[in-house]
Amino acid sequence: MTDHPAEHAAWGEPETTAAPAAAPVTPADAADAARLVAFGLQPKLQPARDQEYGELLRRYREDPPFARLADAVAAGLGLVVLEVSPRAGMAVTAAEDSVFAVRMGDYARRTAADSTDRFLHGLAHLAVAAMAFPRPEDLADDAYIGRVTVNGVDAFVRQACHRLEERAEEQGENTDPATDAPGLEAAWRIWARRSSTGATKDARRLAGSTTGIVGKAVAFLTDSGFLQRTGDDSGGTYRTTARYQLQVRDMAGGAAMAELLELGVVPVTDGSATLLPPEDPDDLELAADAGLPFHS
């Protein structure tokens, strides 16, 4: 006796339509995914100015299998995809074990810094990030643009040094440890002792001065597509990019950055940020023309 389809459905499993098999990944797909990741490794390249980049970004957003393939290519290179969008492009950051990771030791050697200055370069980068996005809502707002100046960052760190010194004295802590001790507590002491600009015959700032160190930090961030130079005032003025906002979001949970912000050197009241005035400006050795890095 032959089963009828209706009778079979009544006592057996319901018939289902097999899902179409996913199209196999082709070498051309892999090449396109790798090409997109390569675009992401060029931080100064803007998707709006490159037709191929824009088309690959659109394919990433509209073609989930292609997006997974591009993510896999990035992961295989030790890259973390922070965001894929028209504003930021394919924004990636390097994991610690990635060949693309820039370690602070390598960065310091590239800038001819000695082992002690390594802490100062790290503090400079931390300060730029803290000043560019002092509030959580600044990091959350995709339209927010932070602005910093070289002299303003130096003034900010020196004011932070003053706060940390006061806190150490109140708590009865040793205020003069070995200069090679790691951490923020040691870095601010070294920074406070270092000249803001140094002295040269032609009035240029010395590379090892604190404004020289900040200058190297912002130049590196500019070369990396995280900042854009906007002028020469106050040692150099800069604005943030979407990529830098994503990077700072990634590092915002760090203890050192939280500690720096909690010092209250950058208060936020009416939505604009500024440096707190020092109690005795003569004691802080602030850089000349240390303009405030924030603008209404």
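Just above, that's the structure.
Given the structure is predicted, the values throughout are model-derived calculations rather than measurements.

Rules behind the numbers
Residues numbered from 1 in each chain as written. Predicted model: local features only at pLDDT ≥ 70, side-chain atom pairs only at ≥ 80, totals over all residues. Heavy atoms only, no water. Patch = residues over 30% accessible without salt bridge, like charges linked within 9 Å, V, L, I, M, F, W, Y side chains within 5 Å. Areas by Shrake-Rupley, 256 points an atom, 1.4 Å probe, with all protein chains shown as cover. Salt bridge = Lys/Arg side-chain N within 4 Å of Asp/Glu carboxyl O. Helix = DSSP H or I, 4+ residues; strand = E, 2+ residues; numbered from the N terminus. Buried < 20%, exposed > 50% of the residue type's maximum accessible area, 1.4 Å probe, protein only. Pairing = 2+ DSSP bridges. Axes fitted to C-alpha atoms, helices over the stretch in contact; angles between N-to-C directions. Contact = heavy atoms within 4.5 Å. 1 Å grid on protein atoms, 1.4 Å probe; cavity = no way out; pocket = protein on both sides within 12 Å on 5 of 7 lines; lining within 4 Å. Points joined across faces, edges and corners; volume = space filled by probe spheres on them. Nonpolar A, V, L, I, M, F, W, Y, C, P; charged D, E, K, R; others polar. Phe/Tyr/Trp six-rings, centres within 6.5 Å; stacked < 30°, edge-to-face > 60°. Lys NZ or Arg CZ within 6 Å of the ring centre and 35° of its normal. Core = buried A, V, L, I, M, F, W, Y, C linked by side-chain atoms within 4.5 Å. Parallel < 35°, antiparallel > 145°, perpendicular 65-115°, else oblique. Left-handed = near helix turned anticlockwise from the far one by under 90°.

### Let's talk about a nonpolar patch on the surface
On the surface, a nonpolar cluster with roughly 350 Å² of combined accessible area is contributed by Leu-41, Leu-77, Val-99 and Phe-100. By secondary structure assignment, the location of Val-99 is in the loop between strand S2 (89–94) and helix H5 (104–110).

### Overview of the environment of Asn-151
Here Asn-151 lies in helix H8 (residues 150–170). Residue classification places Asn-151 among the buried positions, given a relative accessible area of 8%. Distance in space between the C-alpha atoms of Asn-151 and Thr-211 is 6.4 Å, their sequence separation being 60 residues.

### Comments concerning the sheet that holds strand S5 (residues 237–240)
Reading across from one edge, S3-S5-S4 is the order of the three strands in this open sheet, with antiparallel pairing throughout. On the outer flanks of this sheet lie strand S3 (147–149) and strand S4 (227–231), each paired with one strand and no other. Neighbouring strand axes in the sheet, compared pairwise and without regard to direction, differ in orientation by 30° on average. Where H8 meets the sheet, its contacts fall on S3 and S5, and the angle it forms with S3 comes to roughly 85°.

### Focus on the layout of surface pockets
Of the volumes computed, that of the second largest pocket is approximately 470 Å³. Counting residues per element, the ones that place at least two in the lining of the second largest pocket are S4, S5 and helix H11 (242–251). The dominant element in the lining of the second largest pocket, judged by the number of residues it contributes, is H11, at three residues. Grouping the amino acids of the lining of the second largest pocket by side-chain chemistry returns 12 nonpolar, eight polar and five charged.

### Looking at H11
Taken across its 10 residues, H11 has seven buried, putting it largely inside the fold. Turning to H11, its buried residues are Ala-242, Arg-243, Tyr-244, Gln-245, Leu-246, Gln-247 and Val-248.

### Focus: the pattern of salt bridges
Applying the stated criterion across every chain, the model contains 11 salt bridges. With its nearest N and O atoms 3.0 Å apart, the salt bridge here joins Arg-59 to Asp-32. In this pair, Arg-59 sits in helix H3 (residues 51–62) while Asp-32 sits in helix H2 (residues 27–40), placing the two residues 27 residues apart along the sequence. Where Lys-44 meets Asp-223, a salt bridge forms, and the shortest distance between an N and an O atom there is 3.9 Å.

### Concerning the packing of aromatic side chains
Considering all chains together, one arrives at four aromatic pairs under this definition. Their ring planes at 55° and their centres at 5.9 Å tell us that Phe-133 and Tyr-144 sit as a pair that is tilted. Taken together, the residues Phe-133 in the loop between helix H6 (117–132) and helix H7 (136–140) and Tyr-144 in the loop between H7 and S3 connect sequence positions 11 residues apart. A ring pair is formed by Phe-226 and Tyr-244, whose centres lie 5.9 Å apart and whose planes are at 35°; its orientation type is tilted. Residue Phe-226 is located in the loop between helix H10 (210–223) and S4, and its partner Tyr-244 is located in helix H11; the two are separated by 18 residues in the primary sequence. Across the pair, Tyr-244 and Phe-226 agree in class, each one buried. Through successive ring pairs, a cluster of aromatic residues spans Phe-133, Tyr-144, Phe-226 and Tyr-244. Here Arg-59 stacks its cationic end above the ring of Phe-66, 4.1 Å away from the centre of that ring.

### Here we look at the pairing of S2
In terms of burial, S2 is a largely internal element, five of the six residues being buried. With antiparallel pairing between neighbouring strands as the criterion, strand S1 (residues 79–85) and S2 make up a hairpin whose turn holds three residues.

### Side note on the nonpolar core
Formed by 32 residues in total, the largest nonpolar core has its most connected members in Val-128, Val-153, Val-157, Trp-191 and Tyr-244. Among the secondary structure elements, those contributing two or more residues to this core are H6, H8, helix H9 (184–193), H10 and H11. For this core, the element with the most residues is H6, which contributes 10 residues. Beyond its immediate chain neighbours, meaning those up to four positions away, Val-153 contacts Ala-124, Ala-127, Val-128, Met-131, Val-148 and Val-214.

### Considering the packing of H2 against helix H4 (residues 64–76)
Viewed as axis vectors pointing N to C, H2 and H4 meet at an angle of 60°, and their least axial separation amounts to 9 Å. The orientation of H2 with respect to H4, classified from their angle, is oblique. Two packed elements cross with a definite hand, and for H2 against H4 that hand is right-handed. Contacts from Asp-29, Ala-30, Asp-32, Ala-33, Ala-34, Leu-36 and Val-37 of H2 reach H4 at Phe-66, Leu-69, Ala-70, Val-73 and Ala-74. Among the residues forming the contact of H2 with H4, the class breakdown is 10 nonpolar, no polar and two charged.

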